[in-house]
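Spelled out, the chains give:
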Amino acid sequence: YIQDFKTTGGVTNITNTSSGCGNTSTSYIYYSTMKHAGVQGTAVNFTVKIGQTYAQGVRIWVDYNADGDFSDAGEAVYNPTSTIAGNGSVSSSFTIPANATPGLTRMRVRSSYSTTGFSECGSQSYGECEDYVFEVVPSCSAKFTTPPSDSKACENGNVLFIAAGIKTDSFNWQANYGSGWVLLGDDLNHSATTTDS
């Protein structure tokens, strides 16, 4: 069985220690309240510790395109060729692809007695399968295609600032009246402060 599974390097990480065999009737458990959230293109560091007695192989999959399976190219993220000795652990990492589908999906951690030659699904005689929530966070690749420029207005006059960008979720305008930058909100003097103009 999988005794411990932990991740680091994410916005949110998993710490599932001393879990033993989470479901002794099927050897499968979905830890729906445990989530690793990681940004596209970043590393997921993990440590797996297995049960005390027998050597086991451990493999990990992530459903990067959120299509409900782990069989697409690149979704087998950890494929060792050797087993882990009883009561042993392994630490490694994998990288979330830059084109992984943003949003919630699943990660599967599976162990099998004395072999690494097993698949993401299907029966096996001895071992455990643990699923976790995996969130792909989009990388912050927003940038200006037309940055705002300095403009001046006379007292009681109007001035229009315009910006354009790609991969932008929102805009927030700021003003500096001589004592530092202040985030603007719509009021008697400002309008459309969360739009591109």
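Residues numbered from 1 in each chain as written. Predicted model: local features only at pLDDT ≥ 70, side-chain atom pairs only at ≥ 80, totals over all residues. Heavy atoms only, no water.

A. Region of interest: the side chain of threonine 7. Within the fold, threonine 7 resides in strand β1 (residues 2-8). On the basis of relative accessible area, threonine 7 is assigned to the buried category, the value being 3%. Side-chain polar atoms of threonine 7 contact the side chain of histidine 36, separated by 2.8 Å. The contacts of threonine 7, once residues within four sequence positions are left out, are Asn13, Ile14, His36, Val44, Asn45 and Phe46. (Helix = DSSP H or I, 4+ residues; strand = E, 2+ residues; numbered from the N terminus. Buried < 20%, exposed > 50% of the residue type's maximum accessible area, 1.4 Å probe, protein only. Polar contact = N/O pair within 3.5 Å; in protein donor to acceptor, adjacent residues only side chain to side chain. Contact = heavy atoms within 4.5 Å.)

B. How the structure looks around the pairing of β1. Taking burial as the measure, the 7 residues of β1 include 5 buried ones, the bulk of the element. In terms of strand pairing, β1 meets strand β4 (residues 43-50) through 6 bridges, oriented antiparallel. The residue of β4 that forms the bridge with threonine 8 is asparagine 45. Judged from the 2 bridges that link them, β1 and strand β2 (residues 15-16) form a sheet pairing that is antiparallel. Residue pairing for β2: phenylalanine 5 is matched across the bridge by asparagine 16. Hairpin connection from β1 to β2: 6 residues lie between these consecutive antiparallel strands, with glycine 9 at a positive phi of about 95 degrees. (Pairing = 2+ DSSP bridges.)

C. Looking closely at unusual backbone geometry. The phi dihedral of alanine 66 falls on the positive side, at around 55 degrees, and the residue is not glycine. Looking at the secondary structure, you find alanine 66 in the loop between β5 (56-62) and β6 (76-78). The phi dihedral of asparagine 87 is positive, around 65 degrees, even though this residue is not glycine. Structurally, the position occupied by asparagine 87 is in the loop between β6 and β7 (89-95). Residue classification places asparagine 87 among the partly exposed residues on the basis of a relative accessible area of 42%.

D. Geometry of the sheet that holds strand β3 (residues 28-39). Read across the open sheet, the 5 strands follow the order β3-β9-β8-β5-β6; overall the sheet is mixed. The sheet is open, and its two edges are formed by β3 and β6, each paired on a single side. This sheet shows a mean twist of 30 degrees between the axes of neighbouring strands, independent of strand direction. Across 9 bridges, β3 lies against strand β9 (residues 127-137) in parallel orientation. Bridge pairing in β9 places glycine 38 opposite valine 136. (Axes fitted to C-alpha atoms, helices over the stretch in contact; angles between N-to-C directions.)

E. Region of the structure containing the nonpolar core. Within the largest apolar cluster, 25 residues are counted, with the highest numbers of intra-cluster contacts made by Phe5, Val48, Ile60, Phe94, Met107 and Phe134. When contributions to this core are tallied by element, the ones reaching two or more residues are β1, β3, β4, β5, β6, β7, β8 (103-113) and β9. Take this core: its biggest share by element is 4 residues, from β4. Residues in contact with methionine 107, not counting those within four places in the same chain, are Phe5, Ile14, Ile60, Trp61, Val62, Phe70, Phe94, Glu130, Asp131, Tyr132 and Phe134. Judged by nonpolar contacts, the second largest core, of 5 residues, contains Ala163, Phe171, Ala175 and Leu184. (Core = buried A, V, L, I, M, F, W, Y, C linked by side-chain atoms within 4.5 Å.)

F. Representation of the pattern of salt bridges in the model. Counted by the stated rule, this structure contains 3 salt bridges. Close ionic contact of glutamate 135 with lysine 35 constitutes a salt bridge, the shortest N to O distance being 2.9 Å. Linking glutamate 135 in strand β9 with lysine 35 in strand β3, this pair joins segments that are 100 residues apart in sequence. Here glutamate 135 falls in the partly exposed class, since its relative accessible area comes to 23%. Given the relative accessible area of 27%, lysine 35 is considered partly exposed. Put simply, aspartate 131 and arginine 106 hold a salt bridge, and the shortest N to O gap is 3.2 Å. With aspartate 131 in strand β9 and arginine 106 in strand β8, this pair connects stretches of sequence that are 25 residues apart. Judged by its relative accessible area of 0%, aspartate 131 is buried. Classification of arginine 106 by relative accessible area gives partly exposed; the value is 29%. (Salt bridge = Lys/Arg side-chain N within 4 Å of Asp/Glu carboxyl O.)

All quantities given are derived from atomic positions and should not be read as evidence of function.
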